[in-house]
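Coordinates in review
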Amino acid sequence: MTRKFLAFDIETATDVPGDDFNWRPFRPLGISCAATLSTEDESPKLWHGGQESAVPTAKMQRQEAASLVNYLETMADSGFTIVTWNGLAFDFDVLAEESGRLPECRQLALEQVDMMFHIFCVKGFPVGLDSAARGTGIAGKPVGMSGVKAPQLWLQGQHREVLDYVSQDVRTTLNLARLCDQQRSLRWITRKGSPAACPLPKGWLTVKDALRLPEPDTSWMDKPMSRNNFTAWLQSQET
């Protein structure tokens with residue numbers, strides 16, 4: 001049976017300096033906007049502060065972020081598998097902080113499919129969304145645009161550009177989820193420009209199931225990443 005997916009992605013409100021997006025020292029980041037797109041939707045559903053206003057606000061307020069959590073819970077309860085790219089280490093962590101709904105976001109994060117985290121658990125290294133899109137042959141990020149630039153553009157009032165960007169990200173995420181789940185494989189283009197692939201014998205695994213996979217051999221790496229880099233916030237306490 002074909003799985004029902006719901007892609008989810010956020011953009012932050014804080015302009016983090018540098019190109020490596022080392023965001024944790026600058027939290028709370030705030031959420032400028034978000035997008036969701038299900039396999040039953042024709043177009044993405046957009047979320048931002050001042051949803052009923054003519055002009056979006058600088059960031060989503062706590063109750064607005066909580067409404068997004070409520071929607072994700074409702075869709076999950078309706079049989080949709082939430083799917084993200086790096087949603088475990090980033091999107092759900094930020095959403096938990098901004099919404100004040102840590103227990104709910106923990107549960108959503110564990111039951112979602114984070115495609116990047118699944119690949120990391122198998123290979124021991126992460127893969128970029130755009131690299132996966134190019135390797136799989138689907139549309140990726142707009143040329144010249146990135147998540148690092150999105151907060152700057154939002155602060156400058158270029159809301160449509162950022163909303164278009166987050167919309168494209170959820171389209172790419174959903175298309176990857178569906179196609180790779182059917183083909184039982186993810187392909188991507190490495191930094192050296194060569195094709196690579198990772199088999200998905202059971203399709204995409206939820207975070208909870210991916211954590212049960214055996215640790216891959218990372219002895220060839222100088223500084224291997226730990227799964228704790230992605231999951232540490234799940235053990236944090238509410239304040």
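Our subject in this report is the structure included herewith. (Residues numbered from 1 in each chain as written. Predicted model: local features only at pLDDT ≥ 70, side-chain atom pairs only at ≥ 80, totals over all residues. Heavy atoms only, no water.)

For the rest of this paragraph, the subject is the pairing of strand 6 (residues 185–189). Counting buried positions along strand 6 yields 4 of 5 residues, so the element is predominantly enclosed. As defined by bridge partners, strand 6 adjoins strand 7 (residues 195–199) across 5 bridges and the pair is classed as antiparallel. Note on strand 7: the bridge partner recorded for L186 is C198. In sequence, strand 6 turns back onto strand 7 through a hairpin of 5 residues, with G193 there showing a positive phi of about 90 degrees. (Buried < 20%, exposed > 50% of the residue type's maximum accessible area, 1.4 Å probe, protein only. Helix = DSSP H or I, 4+ residues; strand = E, 2+ residues; numbered from the N terminus. Pairing = 2+ DSSP bridges.)

Most often, soluble globular proteins keep nonpolar side chains buried together rather than apart. F92, L95, L186 and W204 are the most contacted members of the largest nonpolar core, which totals 72 residues. Among the elements that line this core, the one with the most residues is helix 7 (residues 159–183), at 9 residues. In this view, F92 contacts F8, L72, I82, T84, G87, C105, L108, A109, Q112 and W233; residues no more than four positions away in its chain are not counted. (Core = buried A, V, L, I, M, F, W, Y, C linked by side-chain atoms within 4.5 Å. Contact = heavy atoms within 4.5 Å.)

With that settled, the discussion passes to the pattern of salt bridges. Evaluated as defined, the whole model comprises 8 salt bridges. A salt bridge links R27 to E97; the shortest N-O distance between them is 3.0 Å. Here R27 is found in the loop between strand 1 (5–12) and strand 2 (31–38), whereas its partner E97 is found in helix 2 (residues 87–99), with 70 residues between them in sequence. For R27, a relative accessible area of 27% translates into the label partly exposed. Here E104 makes a salt bridge to R101, at a shortest N to O gap of 3.1 Å. The class of E104 is partly exposed, set by a relative accessible area of 24%. If you follow the salt bridges from partner to partner, you end up with R27, D93 and E97 in one network. (Salt bridge = Lys/Arg side-chain N within 4 Å of Asp/Glu carboxyl O.)

Bringing the environment of F21 into the picture now. Among the secondary structure elements, F21 is positioned in the loop between strand 1 and strand 2. A relative accessible area of 21% places F21 in the partly exposed class. For the pair F21 and R3, spaced 18 residues apart in sequence, the C-alpha separation works out to 33 Å.

This next bit is on the side chain of S185. Looking at the secondary structure, you find S185 in strand 6. By relative accessible area, S185 is classed as buried at 18%. When near neighbours in sequence (up to four residues on either side) are disregarded, S185 contacts C180, A197, C198, P199 and L200.

A separate point is the packing of aromatic side chains. Taken as a whole and assessed by the stated rule, the structure comprises 8 aromatic pairs. Between F125 and W220, the aromatic rings sit 6.4 Å apart at their centres with planes inclined by 80 degrees, giving edge-to-face as the arrangement. Taken together, the residues span a long stretch of sequence, with F125 in the loop between helix 4 (115–123) and helix 5 (129–136) and W220 in the loop between helix 8 (207–210) and helix 9 (228–231) at a distance of 95 residues. Look at F125 and you get partly exposed, because its relative accessible area is 25%. Sitting over the ring of W47, K45 keeps its end group 4.9 Å from the ring centre. Over the face of the ring belonging to Y71 we find K45, whose NZ or CZ atom lies 6.0 Å from the ring centre. (Phe/Tyr/Trp six-rings, centres within 6.5 Å; stacked < 30°, edge-to-face > 60°. Lys NZ or Arg CZ within 6 Å of the ring centre and 35° of its normal.)

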